[in-house]
Amino acid sequence: MPQPDLNLLPRQLRELEQVRDSRTIVLAASHLDMELLPAVYELCRQTGPVARLDVVLHGRGGIVNAARRIALVLRQHARHLSFIVPFHCQSAATLLALGADEIIAGDLALFSPIDPQLDGAEGGSLSSLDIKLFGDMARQWFGVDEHAARQQALSLLCGNIFPPSLTAFYRTTMEVAQIGEELLAWQLPDATPEARRAIVAQLAGGYHSHNYALTREELARLGLNMARDAHAERLGWDISVQLQASIGGALRSTPDEPWTDALLASRDGVQLRRQRPGGFAPLWSAEAQPTC
C-alpha cells in the first residue's frame, strides 16, 4: 500500500464539495468512543451549520452510545446528512450510518450486523446471539427437548457468566435496538415504526456472524436509503486508501510505538489522534494544511 500523503485530503475534500454542492469532512476511527465528541463538535462548529453535509466515514466499530452522540452532533449542524462509505463501516459505524439521510457506498463498502459484543475473560468476545441461541443449539444438535434446553441453557450460562453481567448484556441489546430505531427515524421518516423496528431487528439478530460482511445491495434490500454517485465513490476510495495506510494499531512496527487511531479532516486541514502505550492520554495534532 502506498505511503499516505495527508496533505492531499483538504484538496480532495474541496473537489467533493464542488461536485456535490456540500460541505465535506472525514471521520475515521479504529474505535468510535466518547472522547471523539469534543473534536467532532469543534470541527462541526468550524464548518458551521450547513444545508448539506457529507461525511466520508471509515470505522471498524466502537461504543454504541458514542455512535449515537456523534450522529446527533452531525445532525445538529446539517439539514441533510450523507455518509460516503468507501470501505470499512462496521458494527457501531454501521449503527452510526443509520442516522444519515442517505448512504453512498462504494463497491468495497463493508457494513456489518450491530449485535452487541460481550468481552470474554480470555480476550475473546461473545455476541448476544451466541447466548440467545444456546438453547436452540442444544435442541437441534443434541436432541434435548425444548423445555429442558431452556432450563439447561439458563443454568449453564449463569454458571459461566455472572448473572448481573448477563442482565446488563440483555439491557445492552435493548439499548442497541432503541438507538437503531431512533437514528433510523432520520433516514426513513415516512416508514412506520414497525418497518424501522424490523430493519433494526434484522441488523441486530438476522445474521449468523457479527463479522458478516454486508454489502450496499443487501442494505438496500433491507430498505435503507442507499444512493450511488460515481464521482463521490471514486474520490471516496482515493481518500480511503490514505486512511487505510494511516489508521490503526496494526500499522505499528512494535507494540511500544504510538499509533494513530482517529483522523478528522475538512478542506481547512487534518487532525490526527495518537494513542500512546502505557495508559497515557491520547494527543491530537494538526498534521496537514490545505494546499493549492
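Every value quoted in this text rests on a predicted model; they were computed, and no experiment measured them.

Peer 1: I tried to follow the pattern of salt bridges on my own but got confused; where do I start?
Peer 2: Where charged atoms from two side chains of opposite charge approach closely, those side chains can pair. Using the criterion set out here, one finds 19 salt bridges in the structure. Among the salt bridges present, the one from Glu42 reaches Arg45, with a minimum N-O distance of 3.4 Å. Note that Glu42 and Arg45 are positioned in helix α2 (residues 37-47) at a spacing of three residues, about one turn of the helix. Through salt bridges that share partners, Arg20, Arg52, Asp54, Glu102 and Asp229 make up one connected network.

Peer 1: Honestly, the packing of aromatic side chains in this entry has me stumped. Any pointers?
Peer 2: Describing an aromatic ring pair means giving the distance of the ring centres and the angle of the ring planes. Under the counting rule described, the total for this entry stands at two aromatic pairs. The interplanar angle of 15° and the centroid separation of 5.2 Å between the aromatic rings of Tyr207 and Tyr212 together place this pair among those described as stacked. A relative accessible area of 34% places Tyr212 in the partly exposed class. Lying across the ring of Trp259, Arg252 places its NZ or CZ 4.2 Å from the centre.

Peer 1: Just to check I follow, could you spell out the pairing of strand β3 (residues 78-85) for this structure?
Peer 2: Two faces, one strand: in a regular strand the side chains alternate between the faces of the sheet. Counting buried positions over the eight residues of β3 gives six, a clear majority of the element. With six bridges joining them, strand β2 (residues 50-59) and β3 adopt parallel strand pairing. In the sheet register, Val56 faces β3, and the bridge partner there is Ile84. At this point the chain moves from β2, through helix α3 (residues 64-76), to the parallel β3, and the crossover so formed is right-handed. Note that β3 and strand β4 (residues 102-105) share four bridges and pair parallel. Its bridge partner lying in β4, Ile84 is registered against Ile104.

Cut-offs used in this document
- Residues numbered from 1 in each chain as written.
- Predicted model: local features only at pLDDT ≥ 70, side-chain atom pairs only at ≥ 80, totals over all residues.
- Heavy atoms only, no water.
- Salt bridge = Lys/Arg side-chain N within 4 Å of Asp/Glu carboxyl O.
- Helix = DSSP H or I, 4+ residues; strand = E, 2+ residues; numbered from the N terminus.
- Phe/Tyr/Trp six-rings, centres within 6.5 Å; stacked < 30°, edge-to-face > 60°.
- Buried < 20%, exposed > 50% of the residue type's maximum accessible area, 1.4 Å probe, protein only.
- Lys NZ or Arg CZ within 6 Å of the ring centre and 35° of its normal.
- Pairing = 2+ DSSP bridges.
- Right-handed = clockwise from strand over helix to strand, strands pointing away.

By themselves, these observations are geometric and do not establish any function.
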